[in-house]
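# Working through the structure, step by step
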Amino acid sequence: MSSQIPRRTFLQHLTVGGSFASALLATGVADRQAKGDEENPTTSKTQTAVSKMPKPGYMLPALHYPYNALEPAIDERTVRIHYDKHHTGYAKKYNQAVVDRPDVASQPLEDLFANMAKLSPAIQTAVRHNGAGAYNHTLYWRCMAPAGSGGGEPKGELVKAIDRDLGSFKSFKESFSKAAATQFASGWAWLTVDKAGKLFVCSTPNHDNPLMVGFVERTGTPILTLDVWEHAYYLKYQNRRTDYIAAFWSIVNWPGVEALFSRAKR
Ligand code: MN
């Protein structure tokens, strides 16, 4: 389905910062929309695919570009398997785990991450593994744009904050790349805004993310991420994770990251 999305539609998603950010962040809203769409006779094809999942729960967003759009940085086959099998798999497994717990499933994942300690062990594991797996991949896809549209440098308030908190864009890139390269085994690198509005760079193992209170050293709202699980790069890069990290900079969706930054500061 995603490869059928016309370029014009993609560009709307890319450039309309507000709807971009809210689509990404408001998983609870997405859940409610998915429920509402069941009763709506105008349900689109994308939403029909979603309706096959157990509800209520996490709504898997469409990939807003064709599978081959990130070439040559990330090859089509990797994106196809990564989105269709891995991301979709985490979403399905999370929804299955909470299908009998509407009290949990009705909550946005952000709220569950903030209250991990209050969850029962089984639900906490489902949120930490598959819920976060679904959530993190949503951010990952949104942080990238087709080759030619992405890359370059951030602008405006974001670049000012990077200079203020991380030294310079160059030193930020070095520290993010290092976090991604040195994360042992599977995990993620993050650019995050803390409660005071300050940016910081970190990495996490498995699917842990900076929203998870009690599971990370420093919490905040992530605005840029890079998946360094081997499934994200191995087909093209094999053991050369640092080449994948270097290529990532050519496809970063800076307007999207800037929108998330504006929203996180509010
Ligand atoms: Mn992944």
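Residue numbers here run from 1 along each chain, matching the order of that chain's written sequence. Residues qualify for local features only when their pLDDT is at least 70, as the model is predicted, and side-chain atom pairs are given and counted only at 80 or more; totals for whole chains, interfaces and linings, by contrast, use all residues. Only hydrogens and water are set aside; all other atoms, that is, all heavy atoms of the structure, feed into the side-chain values.

### Things to note about the side chain of N209
The way it works is that DSSP assigns letters per residue, a run of H or I at least four long becomes a helix, a run of E at least two long becomes a strand, and they are numbered from the N terminus. Along the chain, N209 falls in the loop between β2 (199-205) and β3 (221-227). Relative accessible area decides the class of each residue, using a 1.4 Å probe on protein chains only: under 20% of the type maximum gives buried, over 50% gives exposed, and in between gives partly exposed. In this structure N209 comes out as buried when scored by relative accessible area, which is 0%. What qualifies as a polar contact is a pair of N or O atoms within 3.5 Å, subject to a donor-acceptor requirement within protein and to the restriction that residues adjacent in sequence count only when both atoms come from side chains. A distance of 2.9 Å separates the side chain of N209 from the backbone nitrogen of L211, its partner in a polar contact. A contact between two residues is defined here by any heavy atoms of the two lying within 4.5 Å. Contacts of N209, omitting those with residues within four sequence positions, involve F113, A132, Y135, N136, W190, T204 and V216.

### Observations regarding the nonpolar core
In this structure, F172, F176, L199, L224, L226 and Y244 are the most contacted members of the largest nonpolar core, which totals 71 residues. Sorting elements by how many residues they give to this core places helix α8 (residues 121-142) first, with eight residues. When sequence neighbours within four positions are dropped, the list of residues in contact with L199 reads L158, A161, I162, D165, L166, L191, T192, V193, I223 and F261. To form a nonpolar core, buried Ala, Val, Leu, Ile, Met, Phe, Trp, Tyr and Cys residues must be joined to one another through side-chain atoms within 4.5 Å.

### Topic: the coordination of the manganese ion
Coordination partners: N, O, S within 2.8 Å of the metal, 3.2 Å for Na, K and Ca; water not considered, so apparent gaps in a site are possible. With distances of 1.9 to 2.2 Å, the protein atoms coordinating the manganese ion are H82 (NE2), H137 (NE2), D227 (OD) and H231 (NE2). Mapping the donors of the manganese ion onto the primary sequence yields the spacing H-x54-H-x89-D-x3-H. You can see H137 sitting in helix α8 and its partner H231 sitting in the loop between β3 and α11 (234-237), a full 94 residues away along the chain. Of the two residues examined, H137 and H231, each falls in the buried class.

### Points about the pairing of β2
Across the seven residues of β2, five count as buried, placing the element largely inside the fold. When DSSP finds two or more bridges between a pair of strands, those strands are recorded as paired. Bridging between strand β1 (residues 187-193) and β2 involves seven bridges; their strand directions are antiparallel. Among the inter-strand pairings, A189 is bridged to a residue of β2, identified as S203. The turn joining β1 and β2, which pair antiparallel and follow one another in sequence, is formed by five residues; a positive phi near 90 degrees is taken by G197.

### Describing unusual backbone geometry
Among all residues save glycine, negative phi is the norm, and among peptide bonds the norm is trans. Residues E71 and P72 are joined by a peptide bond in cis, for which omega reads 0 degrees. Along the chain, P72 turns up in the loop between α4 (45-51) and α5 (76-97). A positive phi angle, close to 60 degrees, is found at A185, a residue other than glycine. Note on placement: A185 falls in the loop between α10 (169-182) and β1. Here N206, not a glycine, exhibits a phi torsion of approximately 50 degrees, which is positive. Along the chain, N206 turns up in the loop between β2 and β3.

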